[in-house]
Amino acid sequence: MAKFLTPDKVWYILGVPVKEYFLTKHNPNKISLPAKRTLKLVGHTVHNTPAIKAAKGTTMAEQHVRSTVNGNMGTVRPTFYVDDVEIWQELPFEWQSWHAGQSGKPERNGSHYGNQATISIEVIGNTPKAEQNAAKLVAWLLNKYNMTVDDVYTHNYWCNVRNGVKAKEGEDLRTKPDGYKCCPIYIIPHWPVFLSSVKSFMHILKNEKYNNGNSFFHIDTSLLSFSDFECSADQIPNQETM
């Protein structure tokens, strides 16, 4: 029977538990890890990965972090995993993270900023609740670092930068197809709505008071459409062995 991870610290963002379990402290299998960040933080990068079947008594986010500890996640090392229940943080804020590259291709044209100068958020599954939890986390991070939604990026953005793609008038490199990942695959179809959600949560975090970390704010998830943008199925990343 699997032994679930016990977080070193639990805190809350608008009622969502954030559980800290840093790989820099817990690395019994001596997996490779990113280094401390030396570049100035430029923003936060959002990803999607498909839902998995979590073991009874745990969550998809915990299972991803545990899989990383066990050496089953390759070289993927995001700062956060977010599911529809909670958030797990596996790297300190001041650390680089590995998440924004293109397989088999070296970084260039400034794409290294994705890994070396952004905090990364991997959103698990295609549900409004997981996306809402991610929006709360992104809002909290933007407030923490005095940033705006212009500082929120996608994997697509860094792939476009890596390939030297320039945005034409009216285009957004964050949602422009890059021919590689289409990530975050579930959020890109309604990226402006996601950023609007983030803005709403930023406002709530700045101006409302909470009772024991819980808020009464509710976002209308009916606005989140999952059908107005398509990516081919082979662009969805494979699930990793847990």
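Preceding block: the structure.
The model shown is predicted, which means the values in this text are computed figures rather than measured ones. (Residues numbered from 1 in each chain as written. Predicted model: local features only at pLDDT ≥ 70, side-chain atom pairs only at ≥ 80, totals over all residues. Heavy atoms only, no water.)

1. With respect to the overall build of the protein
Argument step 1. Secondary structure summary: the protein contains five helices and seven strands in total.
Argument step 2. When the helices and strands of the protein are placed in sequence order, the string is β-β-β-α-β-β-α-β-α-β-α-α.
Argument step 3. Per-residue burial over the protein gives 50% buried out of 242 residues.
Argument step 4. Pairs at least 24 apart in sequence give 72% of the contacts found in the protein among residues at least 6 apart. (Helix = DSSP H or I, 4+ residues; strand = E, 2+ residues; numbered from the N terminus. Buried < 20%, exposed > 50% of the residue type's maximum accessible area, 1.4 Å probe, protein only. Contact = heavy atoms within 4.5 Å.)

2. Focus on the environment of H155
Argument step 1. When you line up the elements, H155 lands in helix 4 (residues 155–162).
Argument step 2. Separated by 23 residues in the primary sequence, H155 and D178 have C-alpha atoms spaced 9.4 Å apart.

3. Side note on the pairing of strand 6 (residues 118–124)
Argument step 1. Counting buried positions over the seven residues of strand 6 gives seven, a clear majority of the element.
Argument step 2. Neither face of strand 6 is left uncovered, since the one carrying T118, S120, E122 and I124 and the one carrying I119, I121 and V123 both have all their residues buried.
Argument step 3. Relative to strand 6, strand 3 (residues 43–49) is paired through seven bridges, and the arrangement is parallel. Each bridged residue has a counterpart across the sheet, and for V46 the counterpart in strand 6 is I121. (Pairing = 2+ DSSP bridges.)

4. Some words on helix 1 (residues 60–69)
Argument step 1. When you tally the buried positions in helix 1, you get 10 out of 10 residues, the bulk of the element.
Argument step 2. For helix 1, the full list of buried residues reads M60, A61, E62, Q63, H64, V65, R66, S67, T68 and V69.
Argument step 3. Close packing links the buried residues of helix 1 with strand 3, strand 4 (80–82), strand 5 (87–89) and strand 6.
Argument step 4. Directly after helix 1, the chain includes G71, whose backbone phi takes a positive value near 80°.

5. Considerations on the nonpolar core
Argument step 1. Counting 33 residues, the largest nonpolar core has F80, F194 and V198 as the members making the most contacts within it.
Argument step 2. Of all elements in the fold, only strand 1 (9–13), strand 2 (16–20), strand 4, strand 6, helix 3 (128–144) and helix 5 (191–207) reach the threshold of two or more residues within this core.
Argument step 3. Sort the elements by how many residues they give to this core and helix 3 lands first, with eight residues.
Argument step 4. When residues no more than four places from it in sequence are discounted, the contact partners of V198 are A135, V138, A139, L142 and V149.
Argument step 5. The next biggest cluster of nonpolar side chains, apart from the first, holds 15 residues, and it includes L5, L23, M60 and V69. (Core = buried A, V, L, I, M, F, W, Y, C linked by side-chain atoms within 4.5 Å.)

Geometric descriptors of this kind do not, in isolation, establish any biological role.
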